[in-house]
Number of protein chains: 2
Amino acid sequence: MNRIEKQIAFIKEIDKLKEVYRRSYLFSQSRNENSAEHCWHVSMMAVILSEHANLNVNLSRVVEMLLVHDIVEIDAGDTFCYDEGGNLDKNKREQEAANRIFSILPDDQSDRLMKLWREYENADTPEAKFAIALDRLMPLLHNLGTSGKSWRENGITKNQVLERNEKIDNGSHALWEYAKQNILKAVENGILKDDAEPGSSHCPEGAGFF
Amino acid sequence: MNRIEKQIAFIKEIDKLKEVYRRSYLFSQSRNENSAEHCWHVSMMAVILSEHANLNVNLSRVVEMLLVHDIVEIDAGDTFCYDEGGNLDKNKREQEAANRIFSILPDDQSDRLMKLWREYENADTPEAKFAIALDRLMPLLHNLGTSGKSWRENGITKNQVLERNEKIDNGSHALWEYAKQNILKAVENGILKDDAEPGSSHCPEGAGFF
């Protein structure tokens, strides 16, 4: 294959990301979200929310990172963030996926996308930290906007949500403040179970407020 | 609402783009593509194919334009590119949609996105021309990869496809050469109807080659 044919083969391959479904529901609750449309949505968040990053970020690199960050799920699947078992071998599965999928591209572009994806995974640069903050914030918004549908289905509690999402603070103090306030409001409104409550791990359906 | 609340309200609103469906089918043919995942896919095309733009383009602006270009479809719907009736009042419907949806944002960001969307629609800058070329190329690839499913369903012929897609040339001579070669191959392989053929406007299902 010549250069353009390799590039088009990659573009065809990544169409499959549209058929990887996440635990999150659309705000309309009509169906689960897929990973391709999720990547568009978090990229748009970067465009709109970049002023809230803790440090000056290169927005263009944040957006490219977010466009690319979930492509490995074509082979590795979406690992639910609260799934401790699934997260044990996540790195290995995703590295193998990156090797296969990025290598469809011409070598220079394959290397470039691999570096961008590793940068996101390593979470060391201001761009990666901010991109990760947005990737955490999005499912939180989806839960807040669907009366905690995915939290309730999976028996998730307040402390799990606080612990999972505190990394937002590494990328944006302002967005973490916003997120924390809304997590506490979700508990008050009965759409997220407080760990202190006795009884069932399933939270009854509470009143929407978001 | 304060600034961050307006920004989040916009992010919630654009979730609806995931429920606007296009005529294009996924390569797997399992379902129609939606406009949100399409925006991700063409943004990824920009990242991979920018070397083929006729003029030097600011990739970051091309990507932002492609992320934003279909948001108006939340109100205006997706207008099939070969639908002459639907295209008559498309501009008016889309301008009203842009006014409503972008105005959810703080004023400075609303103005910025409106300008970006108008730049795309006006097709005057190198960035807009290249972005439009990618937006045309994508459904062509989907048709080539699904034995012309959407072409056949809508009785589309070779000359319509050539005419519709020649704007690719304004953004990228290289991609238009690639596209043309594959359109002609599609006719040879019987997945796209030649205008010279007599009889039914529906092309029989031909052999896949792409």
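Refer to the preceding data block for the structure.
Since the structure is predicted, the reported quantities are computational estimates derived from the model, not experimental observations.

A look at the nonpolar core
Working step 1: Membership of the largest hydrophobic core comes to 131 residues, with the highest contact counts inside it found for A:F10 and B:F10.
Working step 2: Contact partners of B:F10, with chain neighbours within four places excluded, come to A:M44, A:I48, B:I71, B:I101, B:F102, B:I104, B:L105 and B:L113.

Quick word on the relation of the copies chain A and chain B
Working step 1: For these two chains of identical sequence, chain A goes onto chain B by a turn of 180° and a shift of 0.0 Å along the axis, with RMSD 0.0 Å. Such a combination of rotation and displacement between the chain copies is what one expects of a two-fold axis.
Working step 2: In this assembly the copies share their binding face: 100% of the residues contributing to the interface of chain A also contribute to that of chain B.

Remarks on the interface of chain A and chain B
Working step 1: Between chain A and chain B, the residue contacts involve 52 residues of the former and 52 residues of the latter.
Working step 2: Roughly 4400 Å² is buried in total at the junction of chain A and chain B, and carbon and sulfur atoms are behind 69% of that figure.
Working step 3: Counting across the chain A and chain B interface gives 4 salt bridges.
Working step 4: The residue A:E51 makes a salt bridge to B:R3 at a minimum N-O spacing of 2.5 Å.
Working step 5: Secondary structure elements with two or more residues in the side of chain A that touches chain B: α1 (3-13), β2 (32-34), α2 (35-49), α3 (59-68), α7 (107-122), α8 (126-144) and α12 (173-188) of chain A.
Working step 6: Residues of the side of chain A that touches chain B, tallied by class, amount to 30 nonpolar, 10 polar and 12 charged.

Quick word on the packing of aromatic side chains
Working step 1: Going through the model one piece at a time under the given rule, you end up with 2 aromatic pairs over all chains.
Working step 2: Pairing A:F209 with A:F210 gives two aromatic rings, centres 6.4 Å apart and planes at 70°, and the pair type is edge-to-face.
Working step 3: Classification of A:F209 by relative accessible area gives partly exposed; the value is 24%.
Working step 4: Here A:F210 falls in the partly exposed class, since its relative accessible area comes to 24%.
Working step 5: Over the ring of B:F27 we find A:K12, and its NZ or CZ is 5.5 Å from the ring centre.

Side note on the environment of B:Q29
Residue and element names in this part refer to chain B.
Working step 1: Within the fold, Q29 resides in the loop between β1 (21-25) and β2 (32-34).
Working step 2: Residue classification places Q29 among the partly exposed positions, given a relative accessible area of 35%.
Working step 3: Those residues in contact with Q29 that sit more than four places away from it in its chain are T146 and K149.

Some words on helix α10 (residues 158-165) of chain A
The α-helix advances 3.6 residues per turn, and as a result positions three or four apart in sequence lie on the same side.
Working step 1: Looking only at α10(A), the buried set comprises A:K158, A:V161 and A:N165. The buried residues of α10(A) occupy one face: seen down the axis, they fall within an arc of 70°.

Let's talk about the pattern of salt bridges
Working step 1: Under the defined criterion, the tally for this structure stands at 34 salt bridges over all chains.
Working step 2: With a shortest N-O distance of 3.6 Å, A:E153 and A:K149 are connected by a salt bridge. Taken as a pair, A:E153 and A:K149 lie in helix α9 (residues 149-153) at a separation of 4 residues, close to a single helical turn.
Working step 3: The exposure class of A:E153 is partly exposed, given its relative accessible area of 42%.
Working step 4: Here B:R22 makes a salt bridge to B:E33, at a shortest N to O gap of 2.9 Å. Here B:R22, found in strand β1, pairs with B:E33, found in strand β2; they are 11 residues apart in sequence, far enough to count as distant.
Working step 5: We classify B:E33 as buried; its relative accessible area is 0%.

Points about the side chain of A:N165
Working step 1: For A:N165, the location among the structural elements is in helix α10.
Working step 2: Ignoring sequence-local partners within four residues, the contact set of A:N165 consists of A:Y82, A:R136, A:L140 and A:W176.

How each quantity is defined
Residues numbered from 1 in each chain as written. Chains lettered and ligands numbered in written order. Predicted model: local features only at pLDDT ≥ 70, side-chain atom pairs only at ≥ 80, totals over all residues. Heavy atoms only, no water. Core = buried A, V, L, I, M, F, W, Y, C linked by side-chain atoms within 4.5 Å. Buried < 20%, exposed > 50% of the residue type's maximum accessible area, 1.4 Å probe, protein only. Contact = heavy atoms within 4.5 Å. Least-squares fit on C-alpha atoms with pLDDT ≥ 70 in both. Buried area = accessible area lost by both parts, 1.4 Å probe. Salt bridge = Lys/Arg side-chain N within 4 Å of Asp/Glu carboxyl O. Helix = DSSP H or I, 4+ residues; strand = E, 2+ residues; numbered from the N terminus. Nonpolar A, V, L, I, M, F, W, Y, C, P; charged D, E, K, R; others polar. Phe/Tyr/Trp six-rings, centres within 6.5 Å; stacked < 30°, edge-to-face > 60°. Lys NZ or Arg CZ within 6 Å of the ring centre and 35° of its normal. Arc of directions from axis to C-beta.

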